[in-house]
Amino acid sequence: MNARFFKKFYLLPKWLLELLSWGKSFKNNPIIGSYWLNRCGLHVVRIVIAHGLFRFRLLLLSPLVSAEDRRHFREHGFILKHNFLPEGDFNQLARELQSYKGQVREFVEGTTLTQRVFITARERAQMPAMGALVENPGLDRLMRYCSSKNRRPLYYVENLCNHANVAPRPDPQRDLHADTFHPCVKGWLYIDATSGSNGPFIYVPGSHRLSWRRLKWEYRQSLEACKQGARRDPGRYWDGSFRVSAADLEAMGFEPRAFRVPANTLVVANVYGFHRRGEASEPSHRMTVWMQARDNPFNPLFTPWPKATASAFEWGWSKVLTKLDRAKLASGEQRNFAGRFSR
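Residues numbered from 1 in each chain as written. Predicted model: local features only at pLDDT ≥ 70, side-chain atom pairs only at ≥ 80, totals over all residues. Heavy atoms only, no water.

Taking strand neighbours across the sheet as the criterion, the three strands line up as β7-β6-β9 in an open arrangement whose pairing is antiparallel. Strand pairing shows two members of the sheet lacking a second neighbour, β7 (257-259) and β9 (275-277), which therefore form its edges. With direction set aside, neighbouring strand axes in the sheet form an average angle of 25°. Pairing of strand β6 (residues 201-203) with β7 involves three bridges; the strand directions are antiparallel. Within β7, the residue paired with Ile202 across the bridge is Ala258. (Pairing = 2+ DSSP bridges. Helix = DSSP H or I, 4+ residues; strand = E, 2+ residues; numbered from the N terminus. Axes fitted to C-alpha atoms, helices over the stretch in contact; angles between N-to-C directions.)

As structure tokens, then:
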């Protein structure tokens with residue numbers, strides 16, 4: 001009893017600070033996961049404040065992109081651009097990525113094998129076309145605006161191998177969900193065309209906006225997540241990445257859209273909006289340059305990073321990924337390494 005009390009007392013400052021951060025776990029933080037605090041509206045209050053600050057930062061960064069892109073992103077939650085790179089530049093980038101040789105992290109979700117490489121300065125030095133993409137001013141401005149952070153995102157190369165194995169449980173990424181409680185942005189430059197055969201990206205336009213129906217749904221989900229977190233029920237419900245049913249989606253007035261797009265298409269989406277990985281009808285591959293921008297949602301302003309700071313952060317994050325890899329390998333969790341991407 002004394003040990004448990006001391007642990008709670010020791011971790012209390014951490015749990016309180018997480019209330020003003022991107023912390024979202026209803027399982028690991030007893031304050032975020034408190035049934036009675038969420039019954040009083042804690043989860044909803046965090047959502048409303050984070051979204052208000054996001055809109056304020058978007059206003060400050062509005063000169064970075066065109067009025068048309070700003071309007072479309074605010075209204076629909078995503079931006080789609082066909083033929084994003086000149087044909088010659090895109091073909092060179094595709095050849096570089098498809099012939100990449102190095103440490104490729106692999107992990108399994110359901111029947112999907114995901115292969116991923118975190119792009120650091122070292123990788124960019126070996127891949128000039130990839131380096132040119134990272135320095136592309138149009139992409140840089142778009143990601144800085146949509147993320148509301150005015151910082152360069154993290155870049156990965158991701159290759160999805162569909163029907164790669166027979167799994168005991170389904171791929172959780174194929175359920176419609178919101179990544180977290182606050183607006184955050186991911187982007188994909190498609191190296192392969194997408195269709196029903198390799199699983200297109202599914203997004204629900206307009207679901208990123210706060211409405212009374214969405215807030216009521218969030219309130220109900222937070223109470224259910226508190227119950228599941230307390231019982232340690234299996235699944236991902238209590239991690240703050242809420243799944244939405246077809247009935248709830250219809251009740252909120254939303255309809256999913258499948259992004260069946262040709263190669264060299266850029267998609268940037270606010271993943272507070274509902275989205276999922278589409279079903280693939282056959283064994284197939286889908287390669288993208290995957291971009292992610294996430295930071296403290298309660299910071300009212302933004303602090304641009306000089307290149308030296310961005311490089312230092314990339315180096316530090318690569319060390320974190322390596323440490324996580326070792327922990328997963330030691331625990332027996334499925335994670336392998338390949339020398340190149342599967343095609």
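Our focus in this paragraph is unusual backbone geometry. If you check the backbone angles, Asn83 has positive phi at about 50° while not being a glycine. Within the element layout of this structure, Asn83 appears in the loop between β1 (78-81) and α5 (87-98). Classification of Asn83 as exposed rests on a relative accessible area of 63%. For Asn150, which is not glycine, the phi dihedral falls at a positive 55°. (Buried < 20%, exposed > 50% of the residue type's maximum accessible area, 1.4 Å probe, protein only.)

Applying the stated rule across the entire model yields two cavities of 30 Å³ or more. Along the walls of the largest cavity sit 13 residues, with Arg57, Lys149, His182, Pro183 and Asp295 positioned nearest its centre. In terms of residue class, the lining of the largest cavity is built from six nonpolar, three polar and four charged. Each pocket or cavity is described by its volume, and for the second largest cavity that value is around 30 Å³. Along its surface, the second largest cavity is lined by His43, Ala178, Thr180, Phe181, Arg214, Glu218, Gly240 and Phe242. (1 Å grid on protein atoms, 1.4 Å probe; cavity = no way out; pocket = protein on both sides within 12 Å on 5 of 7 lines; lining within 4 Å. Points joined across faces, edges and corners; volume = space filled by probe spheres on them. Nonpolar A, V, L, I, M, F, W, Y, C, P; charged D, E, K, R; others polar.)

In this section: the pairing of strand β5 (residues 185-190). Within a regular beta strand, the side chains point alternately toward one face of the sheet and then the other, so they alternate between its two faces. Of all the six residues making up β5, six are buried; the element is thus mostly covered by neighbouring parts of the structure. Burial along β5 is two-sided: the face carrying Val185, Gly187 and Leu189 and the face carrying Lys186, Trp188 and Tyr190 are both buried. When β5 meets strand β8 (residues 266-270), the two strands line up antiparallel, connected through five bridges. Counted as the bridge partner of Gly187 is Val268 from β8. As judged from the six bridges shared by β5 and strand β10 (residues 284-293), these two strands associate in the antiparallel manner. Bridging across to β10, Trp188 finds its partner in Trp290.

Leu93, Leu97, Met130, Leu133, Leu189 and Val289 are the most contacted members of the largest nonpolar core, which totals 38 residues. Sorting the residues of this core by element identifies α3 (42-60), α5, α7 (128-134), α8 (137-147), β4 (154-162), β5, β8 and β10 as the ones contributing at least two each. Counting residues per element, this core draws most heavily on α8, which supplies five residues. Not counting chain neighbours up to four residues away, the residues in contact with Leu133 comprise Phe84, Leu85, Leu93, Leu139, Tyr155, Leu189 and Val289. (Core = buried A, V, L, I, M, F, W, Y, C linked by side-chain atoms within 4.5 Å. Contact = heavy atoms within 4.5 Å.)

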